[in-house]
Amino acid sequence: MNKSTILGGASLLASAMATFAFAETTGFDTDAVGSVPVGWLSGTTGRGNPRWTVETDPSAPSKPNVLKQSGRGDFPWCVKRDSMLEDGYVEVKFKALAGREDQTGGVVWRWKDGDNYYVARANALENNVSLYYTTKGRRNTLKYVDAPVPGNTWHTLRVEFAGKRIRVIFDGKPYIEMDDAHIAGPGAVGMWTKADSVTLFDDFAYGAAPVR
């Protein structure tokens, strides 16, 4: 094998890694206020009338806009249509504003449809971080961990996932790390709330794991 062949092979490998390793962040700042962001799908698991809209907010971590969930549903979600990840990460900044039943912000991944996906969330009423999987529309608890989650405050929730491994990080601190195999294969990523929680989201980020 000559030198050019070796270099050509190395170039192809680097190209393949670049193809499968990427990161994207959106702050909703170019989307029309009052509507669902372009390229996103919103709904709820179970019953309800969720309302996801881009809004201007002076407290936004990256001004001027945020994504707000102000409706009501069992488990409202909003996912990015063209995101298909099996291994990688998802991260968002959120602020829970109100809710008598719930004040929460969450992320979903390996989202197949409104009834099948993983979700991690932080709850300001309960002061905890939790991990679930949802199958056939039923939410199943994997783990709860106590954590300080003051309301009306911006927080960062991040989940890293590869194969069976799941790692949930809240405000820079790892709270949950465990293996689970209930939902495999690629799926979409997005945001999630519960019940009557009124929640703001900003700086939604996700990325795929590199080829190894």
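Residues numbered from 1 in each chain as written. Predicted model: local features only at pLDDT ≥ 70, side-chain atom pairs only at ≥ 80, totals over all residues. Heavy atoms only, no water.

(A) Fine view of the pattern of salt bridges. Within this structure, the stated rule accounts for 14 salt bridges. In this structure, the salt-bridge partner of Lys80 is Glu24, at a minimum N-O distance of 3.3 Å. Note that Lys80 is positioned in strand β5 (residues 72–80) and Glu24 in strand β1 (residues 23–26), a separation of 56 residues in sequence. Salt-bridge contacts for Glu160 lead to Arg167; the nearest nitrogen and oxygen are separated by 3.3 Å. The class of Glu160 is partly exposed, set by a relative accessible area of 26%. Arg167 sits in the partly exposed class, given a relative accessible area of 26%. Through salt bridges that share partners, Glu91, Arg158, Glu160, Arg165, Arg167, Glu177 and Asp179 make up one connected network. (Salt bridge = Lys/Arg side-chain N within 4 Å of Asp/Glu carboxyl O. Helix = DSSP H or I, 4+ residues; strand = E, 2+ residues; numbered from the N terminus. Buried < 20%, exposed > 50% of the residue type's maximum accessible area, 1.4 Å probe, protein only.)

(B) Highlighting unusual backbone geometry. With an omega of 10°, the peptide bond running from Lys63 to Pro64 counts as cis. Tracing the sequence through the fold places Pro64 in the loop between β3 (52–56) and β4 (65–69). Of note in the backbone geometry, Phe28 takes a positive phi value of approximately 65° without being a glycine. Within the fold, Phe28 resides in the loop between β1 and β2 (40–49). Overall, Phe28 belongs to the buried group, its relative accessible area being 1%. Look at Ala195: it is not a glycine, yet its phi comes out positive at around 55°. Following the sequence through the fold, Ala195 ends up in the loop between β14 (188–192) and β15 (198–208). Overall, the relative accessible area of 7% leaves Ala195 in the buried class.

(C) Layout of the nonpolar core. Counting 38 residues, the largest nonpolar core has Trp109, Val159, Val168, Met191 and Phe204 as the members making the most contacts within it. Ranked by residues supplied to this core, first place goes to β15 with four residues. For Trp109, the contacting residues outside a window of four places in its chain are Val90, Tyr117, Tyr118, Val119, Ala120, Leu131, Val159, Phe161, Ile166, Ala188 and Val189. One finds Phe75, Tyr132, Ala188 and Trp192 within the second-largest nonpolar core, a separate group that totals ten residues. (Core = buried A, V, L, I, M, F, W, Y, C linked by side-chain atoms within 4.5 Å. Contact = heavy atoms within 4.5 Å.)

(D) Spatial organisation of the sheet that holds β14. Spatially, seven strands are ordered β2-β5-β14-β7-β8-β9-β10 in an open sheet, and the strand pairing comes out antiparallel. In this open sheet, the two edge strands, each paired with only one partner strand, are β2 and β10 (138–146). Across the sheet, the axes of successive neighbouring strands diverge by a mean angle of 20°, strand direction being ignored. Pairing between strand β7 (residues 104–113) and strand β8 (residues 116–123): seven bridges, direction antiparallel. In the sheet register, Gly105 faces β8, and the bridge partner there is Ala122. (Pairing = 2+ DSSP bridges. Axes fitted to C-alpha atoms, helices over the stretch in contact; angles between N-to-C directions.)

As far as function goes, none of this settles anything; it's purely spatial.
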